[in-house]
Amino acid sequence: MAKTNPGRFFEDYKVGQVIRHAVPRTVSGGERAMYHALYPARSALYSSDEFARVSGLPSAPIDDLAAFHVVFGKTVPDVSLNAVANLGYAEGRWLRPVYPGDTLRSESEVIGVKENSNGKSGVVYVRTTGLNQYDHKVMEYVRWVMVRKRDLSAPAPEAVVPNLAKVVDPKDLVVPTGLDFSNYDFELAGEAHRWGDYEVGEKIDHVDGVTIEEAEHMIATRLWQNTAKVHFDATFREDGKRLIYGGHVISMARALSFNGLANAQMIVALNGGAHANPCFAGDTVKAWSEVLDKAETGAPGVGAIRLRLVATKQGAAPFAYKGEDGKYAPEVLLDLDYWALMPI
């Protein structure tokens, strides 16, 4: 009997199946230090315990996307080890901050399956929940993944495609307990722009770019214990290239958005997202944002801002991301729609 794990293939997934993912992880300041080393992340709330305390929190949490990567990484051996690509996200919410010393684990429920017309692969939809050592939910999100079939002759399952909300309703956003931006220090945060300074429809070019390096990407992907073969094994793809982990592009683009959105301190919801085109080592990532909506939260001095974050590579036209046919331009790497908290 084979002792090694070949991973699940498309025909192994059944709607309603619940998977408890292996290897819980206790996070520390090490994750924060590595995250800030790998990305140009400079959010004051995640960098400074004192800034966080003035903002009503007990100390600086682990970066929102670092926590996301840890929860996501747990799911890879069971959900996307044999993936062709991670296709999209929806209905994501950060439910409580993650602090050094917390232990995270993940569970996923299969909520949809649909075989592709080529009969070689299919799309699997899962709802993943991240929990801490007290079994409190820290986040939840839906993602869908294209997964290879093991047996091409296996019959196609009944197609089930979940009906997912296009936007997390502002009333369902969870503001961390105690968060208070009444005494927010804009000078220490790095920019003077507050919630009232942004207009719906406004677009912001974040100016800076970062060229993706193979070594940094592989360190980052290993840091999150993401074991997907396409990120490490150059023989796994026909073109002989390692695919850059989509989360690496998300974090890079989010960090680049500091220039223009330094006060969008905490991500609290992920409305949707698409990895529009593959990213490879040598690509230079740049980013721009569009303000899609704004909402009040009821927390002192705290507003919510809905943003589209678009990551592009060299050759992209300014603020362009889709053609007249509705398809993404080939230079677009990421289209992410999220809610963040910002001082009013």
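Bear in mind the structure is a predicted one, so any value in this text is a computation, not a measurement. (Residues numbered from 1 in each chain as written. Predicted model: local features only at pLDDT ≥ 70, side-chain atom pairs only at ≥ 80, totals over all residues. Heavy atoms only, no water.)

Draft legend 1. Highlighting the environment of G240. Checked against the element boundaries, G240 lands in the loop between α6 (214-223) and α7 (246-256). In this structure, the C-alpha to C-alpha distance between G240 and V230, residues 10 residues apart in sequence, is 9.9 Å. (Helix = DSSP H or I, 4+ residues; strand = E, 2+ residues; numbered from the N terminus.)

Draft legend 2. Highlighting the side chain of N132. Here N132 shows up in the loop between β5 (121-131) and β6 (137-148). Within polar-contact distance, the side chain of N132 engages the backbone nitrogen of Y134 at 2.9 Å. (Polar contact = N/O pair within 3.5 Å; in protein donor to acceptor, adjacent residues only side chain to side chain.)

Draft legend 3. Up close: helix α1 (residues 29-38). Listing the buried residues of α1 in full gives E31, R32, Y35 and L38. Buried residues along α1 cover an arc of 135° about the axis, so they all sit on one side. Tucked into the core, α1 has its buried residues touching β2 (25-26), α2 (44-47), α4 (64-79), α6 and α7. With a side-chain oxygen positioned 3.0 Å from the backbone nitrogen of G30, the residue opening α1 is S28. (Buried < 20%, exposed > 50% of the residue type's maximum accessible area, 1.4 Å probe, protein only. Arc of directions from axis to C-beta. Contact = heavy atoms within 4.5 Å.)

Draft legend 4. Region of interest: the pattern of salt bridges. Under the counting rule described, the total for this entry stands at 16 salt bridges. R25 is paired through a salt bridge with E31; the nearest N and O atoms lie 3.0 Å apart. For the residue pair R25 and E31, the accessibility class agrees, reading buried in each case. For R105, the salt bridge goes to D135, with nearest N and O atoms at 2.9 Å. On the criterion of sequence distance, the pair formed by R105 in strand β4 (residues 103-115) and D135 in the loop between β5 and β6 is long-range, its members being 30 residues apart. Under the relative-accessibility criterion, R105 is labelled buried at 18%. (Salt bridge = Lys/Arg side-chain N within 4 Å of Asp/Glu carboxyl O.)

Draft legend 5. Region of the structure containing α7. Burial runs high along α7: 11 of the 11 residues are buried. Within α7, the full set of buried residues consists of G246, G247, H248, V249, I250, S251, M252, A253, R254, A255 and L256.

Draft legend 6. Region of the structure containing the side chain of D102. Structurally, the position occupied by D102 is in the loop between β3 (83-94) and β4. Although D102 lies buried, it forms no salt bridge, and the closest oppositely charged side chain, R96, sits 8.1 Å away as judged by the N-O distance. For D102, the side chain forms a polar contact with the side chain of Q133, separated by 3.1 Å. Dropping the residues within four chain positions of it, D102 is found in contact with R25, T26, V27, P97 and Q133. (Lys, Arg positive; Asp, Glu negative; His and termini not counted.)

Draft legend 7. Region of the structure containing empty space enclosed by the protein. Overall, the coordinates contain 4 cavities of 30 Å³ or more when judged by the stated rule. Estimates place the volume of the largest cavity at around 160 Å³. Taken together, 17 residues make up the lining of the largest cavity; nearest its centre are A41, R42, S43, R254 and A255. Elements with a contribution of two residues or more to the lining of the largest cavity: α4, α7 and α8 (258-261). The leading source of residues in the lining of the largest cavity is α7, at 3 residues. Residue classes in the lining of the largest cavity are distributed as 9 nonpolar, 4 polar and 4 charged. Taken domain by domain, the lining of the largest cavity gets at least three of its residues from each of domain 1 (1-27 + 62-150 + 157-164) and domain 2 (168-344). (1 Å grid on protein atoms, 1.4 Å probe; cavity = no way out; pocket = protein on both sides within 12 Å on 5 of 7 lines; lining within 4 Å. Points joined across faces, edges and corners; volume = space filled by probe spheres on them. Nonpolar A, V, L, I, M, F, W, Y, C, P; charged D, E, K, R; others polar. Domains from an automatic or database assignment.)

Draft legend 8. Up close: the domain arrangement of the protein chain. The domain architecture assigned to the protein chain consists of domain 1 (1-27 + 62-150 + 157-164) and domain 2 (168-344). Each partner contributes to the interface: domain 1 provides 29 residues, whereas domain 2 provides 30 residues. Summed over both partners, the interface of domain 1 with domain 2 buries about 2500 Å², with 57% contributed by carbon and sulfur atoms. The largest per-residue losses of area from domain 1 upon contact with domain 2 belong to H69, Y89 and W94, which jointly make up 26% of the total buried on that side. At the boundary of domain 1 and domain 2, one finds 0 salt bridges. Taken together, the links from domain 1 to domain 2 amount to 13 residue pairs in polar contact (both at pLDDT 80 or more). (Buried area = accessible area lost by both parts, 1.4 Å probe.)

Draft legend 9. Just the layout of surface pockets, in detail. Its boundaries defined by the atoms lining it, the largest pocket holds a volume of some 590 Å³. Around the largest pocket sit 31 residues that line it, and V84, A85, N86, R237 and L243 are the ones nearest its centre. Every element with two or more residues in the lining of the largest pocket is listed here: α4, β3, β6, α7 and β11 (332-343). Of all the elements, β3 adds the most residues to the lining of the largest pocket, at 5 residues. Along the lines of polarity and charge, the residues of the lining of the largest pocket split into 19 nonpolar, 8 polar and 4 charged. Of the domains in this structure, domain 1 (1-27 + 62-150 + 157-164) and domain 2 (168-344) are the two that each give at least three residues to the lining of the largest pocket.

Draft legend 10. Spotlight on the packing of aromatic side chains. In this structure the tally under the stated criterion is 14 aromatic pairs. Summarising the aromatic geometry, the rings of F51 and Y184 are spaced 5.3 Å apart at their centres and angled 85° between planes, so their arrangement reads as edge-to-face. One end of the pair, F51, is in helix α3 (residues 49-54); the other, Y184, is in the loop between β6 and α5 (186-189), with 133 residues separating them in the sequence. Y184 carries the same exposure label as F51, and that label is buried. Through successive ring pairs, a cluster of aromatic residues spans F68, F72, Y89, W94, Y141 and Y245. The ring of F280 is capped by K241, whose NZ or CZ atom sits 4.8 Å from the centre of that ring. (Phe/Tyr/Trp six-rings, centres within 6.5 Å; stacked < 30°, edge-to-face > 60°. Lys NZ or Arg CZ within 6 Å of the ring centre and 35° of its normal.)

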